[in-house]
Amino acid sequence: MARPVIAKRLVEIAKKEGAVAICHGATGKGNDQIRFELGIKALAPELQIIAAWRDDKWTMDSRESEIEYCKQHGINLPFSHDNSYSRDRNLWHISHEGLELEDPANEPNYDHLLVLGVSPEKAPDEGEYVTMTFEAGVPKSINGKEMKVSDIIRELNKLGGKHGVGIVDIVENRVVGMKSRGVYETPGGTILYEAHQQLEELILDRDTYQLKKDMGNKLAQIVYEGKWFSPLREAVQAFIESTQKYVTGEVKFKLYKGNIIKAGTTSPYSLYNEDIASFTTGDLYDHHDASGFINLFGLSTKVRAMKMAEVNKNK
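A quick note: this is a predicted structure, and the numbers were derived from the prediction, not measured.

### Observations concerning the nonpolar core
- The biggest cluster of nonpolar side chains holds 22 residues, and the ones touching the most others in it are V130, M132, F134, I142, L156, F253 and L255.
- No other element matches helix α6 (residues 187–203), which puts 6 residues into this core.
- Excluding its chain neighbours within four sequence positions, the residues that come into contact with L156 are M132, I142, G161, P187, G188, I191 and L192.
- Among the nonpolar cores identified, the runner-up in size contains 8 residues, and A7, I40, L47 and I49 belong to it.

### Thoughts on the packing of helix α1 (residues 2–17) against helix α2 (residues 32–43)
- At their nearest, the axes of α1 and α2 sit 9 Å apart, and the two run at 45 degrees to each other. Considering the angle they form, α1 stands oblique to α2. Here α1 and α2 pass one another in a crossing that is right-handed. Residues R3, I6, A7, K8, V11 and K15 of α1 form the contact with α2, whose participating residues are D32, R35, F36, G39, I40 and L43.
- Broken down by class, the residue content of the contact of α1 with α2 amounts to 6 nonpolar, 1 polar and 5 charged.

### What to know about the sheet that holds strand β9 (residues 179–185)
- The strand order across the open sheet formed by 4 strands is β3-β4-β9-β8, and the pairing between neighbours is antiparallel. Bordering the open sheet on either side are β3 (86–89) and β8 (167–173), each of which pairs with just one other strand. Neighbour-to-neighbour, the strand axes of this sheet turn through a mean angle of 25 degrees, independent of strand direction.
- Looking at chain direction, strand β4 (residues 94–97) and β9 are connected through 3 bridges and run antiparallel. Bridge pairing in β9 links I94 to E185.

Thresholds, definitions, all that
- Residues numbered from 1 in each chain as written.
- Predicted model: local features only at pLDDT ≥ 70, side-chain atom pairs only at ≥ 80, totals over all residues.
- Heavy atoms only, no water.
- Core = buried A, V, L, I, M, F, W, Y, C linked by side-chain atoms within 4.5 Å.
- Buried < 20%, exposed > 50% of the residue type's maximum accessible area, 1.4 Å probe, protein only.
- Helix = DSSP H or I, 4+ residues; strand = E, 2+ residues; numbered from the N terminus.
- Contact = heavy atoms within 4.5 Å.
- Axes fitted to C-alpha atoms, helices over the stretch in contact; angles between N-to-C directions.
- Parallel < 35°, antiparallel > 145°, perpendicular 65-115°, else oblique.
- Left-handed = near helix turned anticlockwise from the far one by under 90°.
- Nonpolar A, V, L, I, M, F, W, Y, C, P; charged D, E, K, R; others polar.
- Pairing = 2+ DSSP bridges.

Have a look at this one:
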């Protein structure tokens, strides 16, 4: 998600300075080269793009050669060869690739790796309750204190990191066709996602909730592939934003050793109706209505079973 922001700012500065080209240091194997360059092409198609790693003039073939090149040119980097994970950090997360992670058979060295938090094993033995509020899908407060969204994410990063939340070890399918393995720390984002979903479960109707999940996955794919500046992203985002009109309420949960445990959700727009959902019979629901519904809902299944019985009988 950071790449469209970076690309946009690069283009703004390039135009301000009258530059004819933008240079980036993404590798020829990664996704970021695609994300940077699609953003630049969409915003400034007239600019030339120089990718140092892909240019024969620099002959860079590893992170070690990059580090050595920097040393030779008086640039002292704050890490060494044995701690040269490929890391990207921003407000939302930090990602780790390289070193022992390049072999999927290896367990991550979390003592050496983690930056934003601790492993669940090293998290406190006592859980911590957190309460959040949302208005129209946007987070507004934590534990009764209103903050702007960026500060909410910062606070959730601290809380999640403390309790070992949001550590993911995945093998992903890169756009360029290869698989890559990485460990991602997203403590605040993981909590925010779960809390928001906790509220949506109460408020969105069944069909909208299902399609919103599908469209959420589609939006993730669009952003992953670097197509932020596209009509498709705008259209999908418009749908998602339209679903958030009534996503307002309070969410409570407990953080405990990597887990986010529900502890109660309320909303003035909740579609949860205890008179209907309760096991006891109420005025709003007649149990007898289910018989006709099931007969119609399962009619195709019954017809097929009858046909298969007829076919098998005639064999």
